[in-house]
Amino acid sequence: MASLRSHIETVLWTKDEISSRVTELASEISADFGAADSPVLVGVATGAFIFLADLVRNIQLPVSVDFVRAESYGCGTLSSGVPKLSLDLKVDVKGKHVILVEDIVDTGNTLSSLIAYLESKGASSVSVCALLDKPTRRKVHFQLVGEGKFYRGFECPDYFVVGYGMDFAELYRNLPYVGVLKPECYN
């Protein structure tokens, strides 16, 4: 099998660029929340697991961590637009500040559904921390809850990207950078 790097058209963000930006995001979150308001970080499995781990290690507050699984891509490259929740929270978020940690915000459908779900669970605020944001693909303009904020790592051009936890058909998550997958790898 050819090396994984040969499947990548171009690297958009290197390991060092990602690390630097994650540290900045963690500093912003640490400054926005005090120890008394320590947030619950909810990672959207599976794409956000590496981002969430790096983010949590850099936040200078006591935090709780949990995961939800919302599936909208399956084995394709386009969101189905109908996210399905297949893993529920274990942590009680009632009356708590929640930061939803996403790998990428694309159409906004999944995010909007998850925000509504967390609000229904009684979260006092819902913020979003996304490694990548693709505003050109947005179909749903999500509403944050309470004093929620939107923390964005990078604005992503409209390419199909993999790496740093993000996949195509469950592959490429282990790449230490974010890159554009060559079309011949998914067509």
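As recorded by an unreviewed UniProt entry, the chain carries the name Hypoxanthine phosphoribosyltransferase and is attributed to Carya illinoinensis. Check the Subcellular location (unreviewed entry) section of the UniProt entry for the chain; it says "Cytoplasm".

**A closer look at the pattern of salt bridges**
All chains considered together, the criterion is met by 12 salt bridges. Between Glu24 and Arg21 there is a salt bridge; the shortest N-O distance is 2.9 Å. Taken together, the positions of Glu24 and Arg21, both in helix 1 (residues 15-32) and three residues apart, correspond to about one turn of that helix. Residue Arg21 is classed as buried on the basis of its relative accessible area, which comes to 17%. The partner of Arg137 in a salt bridge is Asp158, and the shortest N-O contact between them spans 3.7 Å. On the criterion of sequence distance, the pair formed by Arg137 in the loop between strand 6 (125-133) and strand 7 (150-155) and Asp158 in the loop between strand 7 and strand 8 (161-162) is long-range, its members being 21 residues apart.

**Some details on the packing of aromatic side chains**
Each aromatic ring pair is described using two quantities: the centre-to-centre distance and the angle formed by the ring planes. Taken as a whole, this structure holds five aromatic pairs when the rule is applied. Three or more aromatic residues link up through ring pairs in this structure, and these residues are Phe160, Phe168 and Tyr186.

**A look at helix 3 (residues 109-120)**
Between its terminal C-alpha atoms helix 3 stretches 17 Å, which fits the 16 Å expected from 12 residues at 1.5 Å a residue. Within the span of helix 3, buried status applies to Asn109, Thr110, Leu111, Leu114, Ile115, Tyr117 and Leu118. Directly beyond the C-terminal end of helix 3, a positive phi value near 95° is found at Gly122.

Thresholds applied
Residues numbered from 1 in each chain as written. Predicted model: local features only at pLDDT ≥ 70, side-chain atom pairs only at ≥ 80, totals over all residues. Heavy atoms only, no water. UniProt positions renumbered as here; feature names shortened; annotations may be inferred. Salt bridge = Lys/Arg side-chain N within 4 Å of Asp/Glu carboxyl O. Helix = DSSP H or I, 4+ residues; strand = E, 2+ residues; numbered from the N terminus. Buried < 20%, exposed > 50% of the residue type's maximum accessible area, 1.4 Å probe, protein only. Phe/Tyr/Trp six-rings, centres within 6.5 Å; stacked < 30°, edge-to-face > 60°. Expected span 1.5 Å × (residues − 1).

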